[in-house]
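Close look at the chain arrangement
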Amino acid sequence: MLIVMCLAIPAKVISLKEDKAQVDFGEGVLREVNVTLVNAKVGDYVLVHAGYAIQVVDAKEALETIKLWNEILQVEPEANI
Amino acid sequence: MIEKLRFRDPELAKRVAKKIHTVTPKEGTVKICHVCGTHEWTITHFGLRNLLPLNVEVIAGPGCPVCVTPASEIDEAVQLALKGVVVMCFGDVLRVSGSEMSLLDAKAKGADVRIVYGVSDAVKMAQKEPKKDFVFLAIGFETTAPSTAVEILNKPPNNFSFLVSHRVIPPAMKLLAEMEDLSLNGFIAPGHVSTIIGLEPYEVFPKVYGMPTVVAGFEPIDVLFGVYMILKQLRENKPRLENEYARVVSWEGNMKAQELMQKVFSVADGNWRGLGNIPSSKFMLNREYASYDAHLKHDVNVEHGIDIQHGCKCHLVIIGKIKPTECPLFMKACTPQKPVGACMVSIEGTCRIWAKAT
């Protein structure tokens, strides 16, 4: 589970009904959140803040970020920067 | 897939730290400012400052919404609570001092003050007790304001109104950028505010102020990469806006949230505790939603309050001019158990975070 101790915490969407979703914060902690602000599907990770999902976590972008980190660490020659 | 990512890998952190050293200038100090209490938590909790070169300083700006809420707005909530209105707030607002007392003090005097997790829970409470008047003290930056907007558009019950205290972050960053004696070299922009507002509002910082600006996430590696990206921009002398937190922040932000906020709020000048008046930095309810404005409904309006208690240095801590440990009250007269300044109250306050770490 990707844990971010912060104002907004990622949680997995378990079920959806109108503007509400049941989300899993990991380790079985389920909570109802309002999904008016996002277009979330079951199985998506959403960022939850004060009872509202404020964004869908983009798994592809997350992997891109890791790829970018690895490129910076491995490819860029340190002496020439 | 997401579970397996390496946002907290200590070995990776060490490698990024090493990389940071390679792009740090040999002479002079680099001062980077973040404006989010959660960034401060990550930096302090994971000891990230110890990984940075001695001449790279990361300071905490006014990124704690509870800390910057002026005493006058707490005073209004206290007045309503003492008048018999049920006041609802987020947990870390309870102990923040107004001019004379906090909402917790009002509660001790018998007022009905309730903590809620979010505005939806507040509305539900009001629905269950239709004979009582309820007011929600809506504090928070752009991350929180959309939830207030949604609840207002959903037409809460007649016994419910709001003290809207939401603040807008970029104008406060502008104020810091213009403080010559602060001499900032770069900004780590707040990840979750950016989730809502996107990247565009930060363009002014590299363009007008020549300051590298990187939107970063909240894991240790996110913050370290943010610092690295800023230092690299400085080294190349090409200040620009970069996004390290692309997994939740897009260029345009959450447009649905922006649209709903625009429907409900207008932007006005606002007072920030410790910073004074900042142009275009506060959300106010639009006229058509005036029936939900607790100021009008309950005839309460406090213009000025006592923001900084005697001896408190929150106004300097909040812009990173001094460290919490440089305040004479820190962990002496002012502790998490008995806070004097707002920065010691909220879990996002710099003093509170440092108190926990010491």
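Residues numbered from 1 in each chain as written. Chains lettered and ligands numbered in written order. Predicted model: local features only at pLDDT ≥ 70, side-chain atom pairs only at ≥ 80, totals over all residues. Heavy atoms only, no water.

1. Remarks on the overall build of chain B
Basically, it comes down to this: Strands are runs of DSSP state E lasting at least 2 residues, helices are runs of H or I lasting at least 4, and numbering of each runs from the N terminus. The quantity called the radius of gyration is restricted to C-alpha atoms. Its globule counterpart is 2.2 Å times the number of residues to the power 0.38. We call a residue buried when its accessible area falls under 20% of the maximum for its residue type, exposed when it is over 50%, and partly exposed in between, using a 1.4 Å probe and counting protein chains only. Pairs of residues are marked as contacts when any of their non-hydrogen atoms sit within 4.5 Å. Residue burial considers only the protein chains on display, and all accessible areas are found by Shrake-Rupley using a 1.4 Å probe. Neither His nor the chain ends is counted toward charge; the positive residues are Lys and Arg and the negative residues Asp and Glu. To locate a charge, take atom NZ for lysine, CZ for arginine, CG for aspartate or CD for glutamate.
Broken down by element type, chain B carries 15 helices and 11 strands. Computed over its C-alpha atoms, the radius of gyration of chain B comes to 21 Å, within 12% of the 21 Å expected for a compact globule of 358 residues. For the C-alpha atoms alone, the extent of chain B along its principal axes is close to 65 × 45 × 40 Å. In chain B, buried positions account for 61% of the 358 residues. Of all intrachain contacts in chain B linking residues separated by at least 6 positions in sequence, the fraction that spans at least 24 positions is 76%. As displayed, chain B offers around 14500 Å² of accessible surface, 52% of which is attributable to carbon and sulfur atoms. In chain B, which carries 41 positive and 38 negative side-chain charges, the distance between the mean positions of the two groups comes to 5 Å.

2. What about the state of the cysteines?
Residue and element names in this part refer to chain B. Threshold: Disulfide: a pair of cysteine sulfur atoms within 2.5 Å of each other.
For the coordinates displayed, the defined rule picks out one disulfide over all chains. Paired by a disulfide, Cys64 and Cys67 hold their sulfur atoms 2.3 Å apart. Linking Cys64 and Cys67, the disulfide has an S-S dihedral of approximately 75° and is accordingly described as right-handed. Residue class for Cys64 comes out buried when judged on its relative accessible area of 4%. Since its relative accessible area comes to 2%, Cys67 is described here as buried. Unpaired in terms of disulfides, Cys327 finds its nearest cysteine sulfur in Cys312, a separation of 5.9 Å.

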